[in-house]
Protein chains: 2
Amino acid sequence: MLRFEVMILGNSSATPMYGRHPTSQVLNFNEQLYMIDCGEGTQMQLARYGIKSNRINHIFISHLHGDHYLGLVGLLSSQHLMGRKSTLHVYGPAALEEILAIQFKHSATVLQYPLVFHPTNPAEVEVILDTPAMKVTSFPLQHRIDCTGFRFDEGRRSATLNATLVDQLDIPTPYLKLLKRGIDYVDPDGTVYLASELTYPAPPSRSYAFCSDTLMNESYFETIQGVDLLYHESTFLHDMADRAKETLHSTGQEAAQVASTVGAKKLLLGHFSARYRDLQPFLDESQPFFANTLLSEEGKWFLV
Amino acid sequence: MLRFEVMILGNSSATPMYGRHPTSQVLNFNEQLYMIDCGEGTQMQLARYGIKSNRINHIFISHLHGDHYLGLVGLLSSQHLMGRKSTLHVYGPAALEEILAIQFKHSATVLQYPLVFHPTNPAEVEVILDTPAMKVTSFPLQHRIDCTGFRFDEGRRSATLNATLVDQLDIPTPYLKLLKRGIDYVDPDGTVYLASELTYPAPPSRSYAFCSDTLMNESYFETIQGVDLLYHESTFLHDMADRAKETLHSTGQEAAQVASTVGAKKLLLGHFSARYRDLQPFLDESQPFFANTLLSEEGKWFLV
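Residues numbered from 1 in each chain as written. Chains lettered and ligands numbered in written order. Predicted model: local features only at pLDDT ≥ 70, side-chain atom pairs only at ≥ 80, totals over all residues. Heavy atoms only, no water.

- Naming follows an unreviewed UniProt entry, where chain A appears as Ribonuclease Z of Sphingobacterium psychroaquaticum.
- Of the comments in the UniProt record for chain A, the one headed Catalytic activity (unreviewed entry) reads "Endonucleolytic cleavage of RNA, removing extra 3' nucleotides from tRNA precursor, generating 3' termini of tRNAs. A 3'-hydroxy group is left at the tRNA terminus and a 5'-phosphoryl group is left at the trailer molecule."
- One UniProt comment on chain A, placed under Subunit (unreviewed entry), says "Homodimer." (UniProt positions renumbered as here; feature names shortened; annotations may be inferred.)

Here it is in structure tokens:
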């Protein structure tokens, strides 16, 4: 099975405390790396956890609060200094392009690699990347400024061979791949071997959704329906639900209610406020509403 | 003697490696904190070393290469979120004001404390802060973009009492302070006690100079003449003197030559290139030219 995992580089909300870092994540799908948000210090976090930043070709920025993007100029500049040549795609709010441009202008930086900026739409659900391997959809969240979440859907997966049956036959190796793609094999004598009989059907494609920052609000539930892994912000514990509402954030309990409502398989909590040193109470309040809840831990890979 | 020390928060040049961080320093003069440069991750470094960022009232930015200022927006925003009320002064290239403004605008941040921006002059030596405690002078360095160094001069120091003599007399306590400031004491009988006889003269005021980033170039030597502690960048070892010249940086040996020429008492090297994991060779090549050379180490206080 192809690798599909997310590493949390930062699980802190705006004020980084207790050694926690502002938001950034790296999604590894079959050794293709996608970055989601890029808070201050992300390039140092990448180095710390041994992730080569030149392997990242797509960066998705949810919104323009500093704790979600202030590491981007440093990361892009370091890629330049380290001799990157391959294209880097950045997806984010339209104003981000201006913020990057003014900083590159005043540092007299002319990037030595192509940087392609894709403005996201804060008002509509949009497919922003569509390759055979991965489809990425942005969708509006409800925050104090324009903010989008991102859903990642693995491309269509292959069927797997029924090894017991296949081993009894004399099918040339190149045709095995075709069988997995559903193409029947016809041998030189004209005998037909049906792909549908020699393979197990492809498992459903896996999916990951990133929701930060947002008020819990059903407007985005449809888009994240049925994801395998849901990352949902939980800035506050539920005894501060009023404060969460005021600041357009969510609580641990609310995140669990979202996961349950949309039929997610697993929930990953993050974006914890600086007021909480101990994070265990987030699990305690969430698991009664959604048992399969995990706390995001920096530097750890979570299976999608 | 009043405390006068500098902590190095980052000793790395542009690409942070080996756990080193981009440039930032905190100068502590008598528990007043002054920050010099503010590379990415500075607010996390402050937390790591237990320095309360709300005690910093003056921040000096040398130039607009990312490794010298990308932590500023995060630091200013966190101060806002943590409820700072006192005025914060930022000194730096004029364009920095625009860079801050556009980011506060798009994050819809209205700072809850007064931020006063003071543009530095990249072409002339200028006194930019002048209080009884501290005078700060900016001066042009020679880099690829406008860049200034900063010199910090402690205000006039007090004389110290000659305790042996004073203890034999019956001078009321409040007058002891005046003696130290050079004011003679006249007792009720009209006897005059000369301050000049009862005190040792004030020691000379101490000074610190920060030179990063720059080509070694005598244009700035006069301004940093005779400082007690000179921080001078040494991006490269001297076998790469050509590369240093090309990129308008200095070598360890050159920094030592500067320290020797200007009559500094101590030299602190920093801004090390990512190509050097081991920093000992910087000391080795510098000390023959200036014996009192130190390597900047992150998290350590250096006496001015």
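### A few points about the interface of chain A and chain B
Here's step 1: Contact with chain A, which involves 30 residues of that partner, is made by 30 residues of chain B.
Here's step 2: Where chain A abuts chain B, roughly 2500 Å² becomes buried across the two surfaces, and 65% of that area is made up of carbon and sulfur atoms.
Here's step 3: Where chain A packs against chain B, one counts ten residue pairs in polar contact (both at pLDDT 80 or more).
Here's step 4: Of all the elements in the fold, those that place two or more residues in the side of chain A that touches chain B are helix H1 (42–48), helix H2 (72–81) and helix H3 (95–106) of chain A.
Here's step 5: The element that contributes the greatest number of residues to the side of chain A that touches chain B is H3(A), accounting for six residues.
Here's step 6: Broken down by class, the residue content of the side of chain A that touches chain B amounts to 15 nonpolar, 13 polar and two charged. (Contact = heavy atoms within 4.5 Å. Buried area = accessible area lost by both parts, 1.4 Å probe. Polar contact = N/O pair within 3.5 Å; in protein donor to acceptor, adjacent residues only side chain to side chain. Helix = DSSP H or I, 4+ residues; strand = E, 2+ residues; numbered from the N terminus. Nonpolar A, V, L, I, M, F, W, Y, C, P; charged D, E, K, R; others polar.)

### Side note on the pairing of strand S16 (residues 266–270) of chain A
Residues and elements named next belong to chain A.
Here's step 1: For S16, a buried count of four out of five residues is recorded, marking the element as mostly surrounded by other parts of the structure.
Here's step 2: Sheet analysis places strand S15 (residues 229–233) next to S16, joined by five bridges and oriented parallel. Bridge assignment links His232 to a residue of S16, and that residue is Leu269.
Here's step 3: Note that the unit made of S16, helix H9 (residues 280–286) and strand S17 (residues 293–295) has a crossover that is right-handed. (Buried < 20%, exposed > 50% of the residue type's maximum accessible area, 1.4 Å probe, protein only. Pairing = 2+ DSSP bridges. Right-handed = clockwise from strand over helix to strand, strands pointing away.)

### Here we look at the domain arrangement of chain A
Here's step 1: Domain parsing of chain A yields domain 1 (4–157 + 203–303) and domain 2 (160–200).
Here's step 2: Its C-alpha centre places domain 1 of chain A at a distance of 42 Å from the equivalent point of domain 2 of chain A. (Domains from an automatic or database assignment.)

### As for the nonpolar core
Here's step 1: Membership of the largest hydrophobic core comes to 60 residues, with the highest contact counts inside it found for A:Ile59 and B:Ile59.
Here's step 2: Those residues in contact with A:Ile59 that sit more than four places away from it in its chain are A:Met35, A:Leu72, A:Leu75, A:Leu76, A:Leu88, A:His89, A:Val90 and A:Tyr91. (Core = buried A, V, L, I, M, F, W, Y, C linked by side-chain atoms within 4.5 Å.)

### Comments concerning the packing of H3(A) against helix H3 (residues 95–106) of chain B
Here's step 1: Taken N-terminus to C-terminus, the directions of H3(A) and H3(B) make an angle of 165°; their axes are 10 Å apart at the nearest point. In terms of orientation, H3(A) lies roughly antiparallel with respect to H3(B). Crossing geometry of H3(A) relative to H3(B) is assigned as left-handed. Side by side, H3(A) and H3(B) meet where A:Ala95, A:Glu98, A:Ile99, A:Ile102, A:Gln103 and A:His106 of the first sit next to B:Ala95, B:Glu98, B:Ile99, B:Ile102, B:Gln103 and B:His106 of the second.
Here's step 2: Residues belonging to the contact of H3(A) with H3(B) are distributed by class as follows: six nonpolar, four polar and two charged. (Axes fitted to C-alpha atoms, helices over the stretch in contact; angles between N-to-C directions. Parallel < 35°, antiparallel > 145°, perpendicular 65-115°, else oblique. Left-handed = near helix turned anticlockwise from the far one by under 90°.)

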